[in-house]
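If you want the building blocks of each chain, they are given just below.
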Amino acid sequence: MAPHHQPLCTRTHQIGSLLLVAATFFLTRLLNAPCTLSSDVVRASQHNLPGSRWFPESQPSIKIYIYEPQEIDGLNELMRGRDGKITPEACLKGQWGTQVKIHKLLLESRHRTRKKEEADLFFVPSYVKCARMMGGLNDKEINRTYVKVISQMPYFRLSGGRNHIFVFPSGAGAHLFKSWATYINRSIILTPEGDRTDKRDTSAFNTWKDIIIPGNVDDGMTKAGSTVVQPLPLSKRKYLANYLGRAQDKAGRLKLIELAKQFPEKLECPDLKFSGAEKLGRKEYFEHLRNSKFCLAPRGESSWTLRFYESFFVECVPVILSDQIELPFQNVIDYSQISIKWPSSRIGPELLQYLESISDEEIEAIIARGRQVRCLWVYASDSEPCSATRGIIWELQRKVRQFHHSAETFWLHNGSFVNRNFVEFSKWELPVPLP
């Protein structure tokens with residue numbers, strides 16, 4: 001039998017093997033690389049968020065049931081006012097726009113379920129801030145209608161409200177519902193406001209169960225494509241810093257107004273008109289905002305401020321002058337890398353001196369990091385790689401429990417849930433008693 005000879009490993013074979021290895025390496029890198037980022041809609045990746053980790057690449061498993069207005073008596077009033085004349089379109093702008101946007105985005109979400117029995121969480125739509133501002137509901141009507149609505153939700157009673165979601169989009173937070181502490185103190189509240197102890201003994205925000213959401217930035221500044229105004233190069237900005245807002249007799253704001261009088265060439269603080277013939281238009285507002293390197297964001301009626309979020313879209317560095325402020329998505333964002341927080345008690349010339357000491361190179365670096373995360377302030381679909389909705393969904397996923405019960409919920413050996421009179425859950429009559 002002839003001896004078996006191994007084929008020779010020629011130089012051609014060696015070169016071919018190296019090319020195969022190189023091609024495999026580059027193909028693997030190409031397939032694993034993130035998509036090219038659009039200049040209009042900034043995406044955040046797992047590896048480039050400043051000092052933090054990103055949301056998991058896998059999809060959340062959460063299922064959310066959204067109550068329909070026609071299934072709950074009174075729910076339509078919370079959305080359209082007592083006469084049904086308030087429209088969602090009229091409520092999209094301003095602070096309260098998030099109530100409408102979150103509702104609409106959840107209706108379109110892949111995480112929506114139409115089966116209550118398989119839901120992890122329940123969303124209660126309401127546009128009460130808008131309805132109140134437009135005269136569609138007063139405080140007593142809001143309180144009475146909320147109580148009426150939740151008394152028709154057996155799943156609310158079953159869990160004590162722990163798996164129900166409410167949105168309160170303004171500085172008043174859940175205090176819009178005067179009896180919140182009695183009825184929804186265990187529910188999940190989505191709000192931009194984390195502190196109202198300046199006017200009330202108790203804050204409605206609880207860091208363990210509630211979620212801070214971004215403010216509602218004008219769509220004209222967050223949409224893909226051409227925005228209302230474009231950021232200016234640092235070299236073309238007229239002022240070191242600005243504050244655009246009303247005094248409202250608030251200490252921090254009054255200090256800034258006085259500081260601007262002392263240093264008018266450094267700090268822009270115009271007497272803005274928000275009504276009447278001299279009302280500042282939205283384009284003019286953002287043109288003012290973009291003309292400084294730093295955008296000062298003092299507290300107003302409450303600790304949160306929309307100006308903080310707006311600053312990212314005109315690319316000025318936000319300077320927080322609100323000691324009690326709470327910020328969204330703190331589990332994934334290191335705010336020390338994208339903003340400055342200065343003690344409100346130290347507003348004065350030393351603030352301007354400090355800001356002047358920061359080089360343009362350092363400012364550019366802060367702005368660049370801000371571009372990476374500002375997509376989290378945009379209320380877009382949760383199917384987007386980066387959006388406020390996606391962030392909220394992941395925060396809600398962390399709130400899901402395997403088991404819910406309340407002081408009026410009991411269960412038996414066969415796994416059935418009953419009330420105090422041993423009536424099975426499926427037979428509970430409406431309205432269910434509330435605490």
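One can find the structure itself at the top, above this paragraph.
Now for a look at the structure at hand. Counting starts from 1 at the beginning of each chain's written sequence and moves along it residue by residue. Owing to the predicted nature of the model, reporting of local features is limited to residues with pLDDT of at least 70; listing and counting of side-chain atom pairs is limited to 80 or more, with chain, interface and lining totals taken over all residues. Derived side-chain values reflect all non-hydrogen atoms in the structure, with water molecules and hydrogen atoms excluded from consideration.

## Focus on the environment of Leu137
Right, so step 1: Only DSSP runs of H or I with at least four residues qualify as helices, and only runs of E with at least two residues qualify as strands; both kinds are numbered from the N terminus onward. Among the structural elements, Leu137 can be located in the loop between helix 4 (128-133) and helix 5 (139-150).
Right, so step 2: For Leu137, a relative accessible area of 3% translates into the label buried.
Right, so step 3: Residues Leu137 and Met79, 58 residues apart in the sequence, show an inter-C-alpha distance of 9.9 Å.
Right, so step 4: Apart from the residues within four sequence positions on either side, Leu137 is in contact with Glu77, Leu78, Gly81, Arg82, Val128, Ala131, Arg132 and Ile142. Accessible area is worked out with a 1.4 Å probe on protein chains only. A residue is then buried under 20% of its type maximum, exposed over 50%, and partly exposed in between. Any two residues whose heavy atoms approach within 4.5 Å are treated as being in contact.

## So, the state of the cysteines
Right, so step 1: By convention in this document, the label disulfide applies to cysteine sulfur atom pairs within 2.5 Å. Per the counting criterion, the structure on display carries 3 disulfides.
Right, so step 2: Here Cys295 pairs with Cys316 through a disulfide, and the sulfurs are 1.8 Å apart. Here the S-S torsion is close to -110°, and the disulfide linking Cys295 with Cys316 is therefore left-handed. Here Cys295, found in strand 9 (residues 292-298), pairs with Cys316, found in the loop between helix 11 (306-314) and strand 10 (317-321); they are 21 residues apart in sequence, far enough to count as distant.

## Points about the side chain of Asp382
Right, so step 1: Mapped onto the fold, Asp382 is located in the loop between helix 13 (360-373) and helix 14 (388-397).
Right, so step 2: Look at Asp382 and you get buried, because its relative accessible area is 4%.
Right, so step 3: Reaching out from Asp382, the side chain makes a polar contact with the side chain of Ser109 at a distance of 2.7 Å.
Right, so step 4: In contact with Asp382, other than residues within four places in its own chain, are Leu105, Ser109, Arg110, His111, Ser387, Thr389, Arg390 and Ile393. Between N or O atoms, a polar contact is any pair within 3.5 Å; within protein, one atom must be a potential hydrogen donor and the other a potential acceptor, and residues adjacent in sequence are included only when both atoms are from side chains.

## A closer look at the pairing of strand 4 (residues 164-167)
Right, so step 1: Here strand 4 shows no split at all, with His164 and Phe166 on one side and Ile165 and Val167 on the other all buried.
Right, so step 2: Relative to strand 5 (residues 188-191), strand 4 is paired through 3 bridges, and the arrangement is parallel. Opposite Val167, over in strand 5, you have Leu190 as the bridge partner. Strands are labelled as partners when DSSP assigns at least two bridges between them.

## Observations regarding the pairing of strand 9
Right, so step 1: For strand 9, a buried count of 7 out of 7 residues is recorded, marking the element as mostly surrounded by other parts of the structure.
Right, so step 2: Sheet topology note: the strand 7 (residues 239-242)/strand 9 ladder contains 3 bridges and is parallel. What sits directly across from Tyr239, in strand 9, is Ser292.
Right, so step 3: Relative to strand 10, strand 9 is paired through 5 bridges, and the arrangement is parallel. Each bridged residue has a counterpart across the sheet, and for Ala297 the counterpart in strand 10 is Ile320.
Right, so step 4: Call a crossover right-handed when, viewed with both strands pointing away from you, the route from the first strand across the helix to the second goes clockwise. Taking the sense of rotation as the criterion, the β-α-β connection linking strand 9, helix 11 and strand 10 turns out right-handed.

## Focus on helix 12 (residues 349-356)
Right, so step 1: Turning to helix 12, its buried residues number three or more, namely Leu351, Leu352 and Leu355. Down the axis of helix 12, the buried side of the element spans an arc of 95°, and every buried residue falls inside it.
Right, so step 2: Among the structural elements, strand 7, helix 9 (251-262), strand 8 (267-268), strand 9, strand 10 and strand 11 (340-341) are those in contact with the buried residues of helix 12. The arc in question is formed by the directions pointing from the helix axis toward the C-beta atoms.

## Quick look at the side chain of Thr227
Right, so step 1: Mapping Thr227 onto the fold places it in the loop between helix 8 (219-222) and strand 7.
Right, so step 2: At 2.7 Å, the side chain of Thr227 forms a polar contact with the backbone oxygen of Val229.
Right, so step 3: One polar contact links Thr227 to Gln230, side chain to side chain, over a distance of 3.0 Å.
Right, so step 4: The contacts of Thr227, once residues within four sequence positions are left out, are Gly220 and Met221.

## A closer look at the environment of Leu240
Right, so step 1: Position of Leu240 relative to the elements: it lies in strand 7.
Right, so step 2: The exposure class assigned to Leu240 is buried, which follows from its relative accessible area of 13%.
Right, so step 3: In this structure the C-alpha to C-alpha distance between Leu240 and Asn291, which are 51 residues apart in sequence, comes to 8.5 Å.
Right, so step 4: Setting aside residues up to four positions removed in sequence, Leu240 forms contacts with Lys266, Ser292, Lys293, Phe294, Leu352, Leu355 and Glu356.

## A look at the pattern of salt bridges
Right, so step 1: Salt bridge criterion: a side-chain nitrogen from Lys or Arg within 4 Å of a carboxyl oxygen from Asp or Glu. By the definition in use, this model includes 20 salt bridges.
Right, so step 2: Of the charged contacts, one joins Lys63 and Glu118 as a salt bridge, the two residues approaching to 3.8 Å between their closest N and O atoms. One end of the pair, Lys63, is in the loop between helix 1 (11-32) and strand 1 (64-66); the other, Glu118, is in the loop between strand 2 (112-113) and strand 3 (121-123), and 55 residues separate them in sequence.
Right, so step 3: Here Arg420 ties to Glu408 by a salt bridge, and the two come within 2.8 Å at their closest N and O atoms. Residue Arg420 is located in the segment after strand 13 (417-418), and its partner Glu408 is located in the loop between helix 14 and strand 12 (410-411); the two are separated by 12 residues in the primary sequence.
Right, so step 4: Assessed through its relative accessible area of 24%, Glu408 is described here as partly exposed.
Right, so step 5: Overlapping salt bridges bring together Arg157, Glu408 and Arg420 as one network.

## Let's talk about the nonpolar core
Right, so step 1: Counting residues in hydrophobic clusters, the biggest one holds 51 residues, and the most contacted among them are Ile102, Leu190, Ile333, Trp377 and Leu396.
Right, so step 2: Every element with two or more residues in this core is listed here: strand 1, helix 3 (97-107), strand 3, strand 4, strand 5, helix 10 (282-289), helix 11 and helix 14.
Right, so step 3: Here this core gets 5 residues from one element, more than from any other, and that element is helix 11.
Right, so step 4: Nonpolar cores are built from buried Ala, Val, Leu, Ile, Met, Phe, Trp, Tyr and Cys residues. Side-chain atoms within 4.5 Å join them into one set. Within the second largest apolar cluster, 40 residues are counted, among which are Met79, Met153, Leu158 and Ile189.

## Examining the packing of aromatic side chains
Right, so step 1: Stacked, tilted and edge-to-face pairs are distinguished by plane angle, under 30 degrees for stacked and over 60 for edge-to-face with tilted covering the rest, among Phe, Tyr and Trp rings (Trp via its six-membered ring) whose centres lie within 6.5 Å. A complete count under the given rule lists 24 aromatic pairs for this structure.
Right, so step 2: Between Tyr146 and Phe168, the aromatic rings sit 5.9 Å apart at their centres with planes inclined by 45°, giving tilted as the arrangement. In this pair, Tyr146 sits in helix 5 while Phe168 sits in the loop between strand 4 and helix 7 (180-183), placing the two residues 22 residues apart along the sequence. By the burial criterion, Tyr146 is buried, and Phe168 matches it.
Right, so step 3: Between the aromatic rings of Phe308 and Trp377, the centroid separation amounts to 6.4 Å while the plane-to-plane angle is 55°, which identifies the pairing as tilted. Taken together, the positions of Phe308 in helix 11 and Trp377 in the loop between helix 13 and helix 14 put the pair 69 residues apart, joining distant regions of the chain. One exposure class covers both Phe308 and Trp377, and it is buried.

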